[in-house]
Amino acid sequence: MYDLIVGGGGFAGIAAACSAAREGLSVLLIEKSGFLGGAACNCYVNPFMRYHVTLNGEDRMIADGLFRSILTRLEKKDALMKNRRGFNEELLKLIFDEMAEEYGIKVLLHSYIIAAQTEDAVLKRVTVATKSGTMDFEARYFIDATGDADLSVLAGCGWHLGRAADNLCQPMTLCFRIAGVDFDKLTPEVWKEANALYTTYRMEGKIKNPREDILHFPHVAEGVIHLNSTRIVKKNPVDVFDISAAEQLARKQEYELYTFLKEHVPGFENSVLLASAPEIGVRESRLIEGEYTLTEADLKNCTKFEDAIAACNYDIDIHNPAGSGTSHYFFKENEYYTIPFRCLQPKGMKNLLTTGRCISSTHEAQASYRIMPTCCALGEAAGTAIGVCAAQNVPCTDADVPLIRQKLIENGAFLG
């Protein structure tokens, strides 16, 4: 038996596992892929979105603690761009392996959690499908960092999907890369003309992708451009038939955009379609029903909760779940909100916390905190909380939140 089992090996999962191990717990980390890294490595989600705030005229990391350590590790491997946002996800896989080894975490890859046994609101064990067959694992505590709240749902927790009006989630996106690009030709004016032509083609039906513009970022490799511009709408990201169809449609959009750029945009004449992510990126799926539901009003009011365990100021960034358009609500440079510990607590569960993008919130609030730096901070908070509960031998419902906050601050977290 382990002290803690963590489901999901992305930023939230690795931070949860490491922070719990830092508190002296034995940890098993279960990941469905052949590597750790989550959305960054599975879905090519890159670069990091905003993780800084300006306070009293000084720049401050708002996602700090273990996330700062990860940035430092990336820099030491020359895997972080000078803007400290773009990164090399291939080396991130290695960094997460190194962290797991340093913290003494047992990692199980190529493994899916397919069942959970709960008794009297206590999660007892999980069943995992592996290459070696199904296996059962027991633990005192569990953390769901799967992104889709898979473990929480299997344990019987309440959840909801998408926006309240129609349960539609933010669209899925398949990120991809194009190599052989001449960046000297890609001036702001060229991009302006490219987007204008793209809009014309879309209005004429020559472009099927509902995305309203071409969203692109620089890549760590010279001559390579990263595109976050496919858009799959009205598909359920936790329905296997919908997500299968989404993968296939996204590849059509990928090729459509690549040929458009190659044929019409200076700098792409000799380009090559390099790679798409191993799997489509999911912005939003299931959200748990927790002890507190974070709302859009909480964010816009820049609420500072007494039980805050993380902070964020990334904009409320909603890609239209039904078609074209992206809405933004931007925070001022010196503004931020906090996220309460109660959002990590599934209602009624005594030894399970949920962390990352599937914590308890509304569709609108999730559109802000879903980014990887904040998910890393949420993961560190969850792991630290389990460490405190395990030391005191109490359920998560009786967690000593002041002590959790104290330990997070001592380890560099920003809580406001």
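Residues numbered from 1 in each chain as written. Predicted model: local features only at pLDDT ≥ 70, side-chain atom pairs only at ≥ 80, totals over all residues. Heavy atoms only, no water.

Per an unreviewed UniProt entry, the protein chain carries the name FAD-dependent oxidoreductase and comes from Candidatus Avimonoglobus intestinipullorum.

Novice: Help me understand the overall build of the protein chain, please; the structure alone is not making it clear to me.
Specialist: Across its full length, the protein chain holds 11 helices and 19 strands. The C-alpha radius of gyration computed for the protein chain amounts to 21 Å, which stays within 12% of the reference 22 Å derived for 416 residues, consistent with globular compactness. Its C-alpha atoms give the protein chain principal-axis dimensions of roughly 65 × 55 × 45 Å. Residues counted as buried form 56% of the 416 residues belonging to the protein chain. Across the protein chain, the fraction of contacts at a sequence separation of at least 24, relative to all contacts at a separation of at least 6, is 72%. Averaging the positions of the 43 positive and the 54 negative side-chain charges in the protein chain gives two centres separated by 2 Å. (Helix = DSSP H or I, 4+ residues; strand = E, 2+ residues; numbered from the N terminus. Rg over C-alpha atoms; globule rule 2.2 N^0.38 Å. Buried < 20%, exposed > 50% of the residue type's maximum accessible area, 1.4 Å probe, protein only. Contact = heavy atoms within 4.5 Å. Lys, Arg positive; Asp, Glu negative; His and termini not counted. Charge placed at Lys NZ, Arg CZ, Asp CG, Glu CD.)

Novice: Explain helix 10 (residues 372–392) here, please?
Specialist: For an α-helix, the turn length of 3.6 residues means that residues three or four places apart are oriented alike. Relative to the 30 Å expected for 21 residues at 1.5 Å per residue, helix 10 spans 30 Å between its end C-alpha atoms, a close match to the ideal helical length. Within helix 10, 19 of the 21 residues are buried, which leaves the element mostly enclosed by the surrounding structure. Note on helix 10: the residue one or two positions beyond its end, Asn393, has a positive phi of about 55 degrees. (Expected span 1.5 Å × (residues − 1).)

Novice: Is there a simple way to think about the sheet that holds strand 12 (residues 225–227) in this case?
Specialist: Strand pairing in a sheet relies on backbone hydrogen bonds. The paired strands run either parallel or antiparallel. Spatially, 11-12-10-13 is the arrangement adopted by the four strands of the open sheet, whose pairing is antiparallel. The open sheet has two edge strands with one neighbour each: strand 11 (216–218) and strand 13 (272–276). Put simply, the sheet's adjacent strands are angled 30 degrees from each other on average, direction ignored. Of the pairings in the sheet, the one linking strand 10 (residues 176–179) to strand 13 comprises four bridges and is antiparallel in character. From the neighbouring strand, Phe176 faces strand 13, where its bridge partner is Ser276. Lying on the sheet, helix 7 (residues 240–264) is in contact with strand 10, strand 12 and strand 13; it crosses strand 13 at an angle near 155 degrees. (Pairing = 2+ DSSP bridges. Axes fitted to C-alpha atoms, helices over the stretch in contact; angles between N-to-C directions.)

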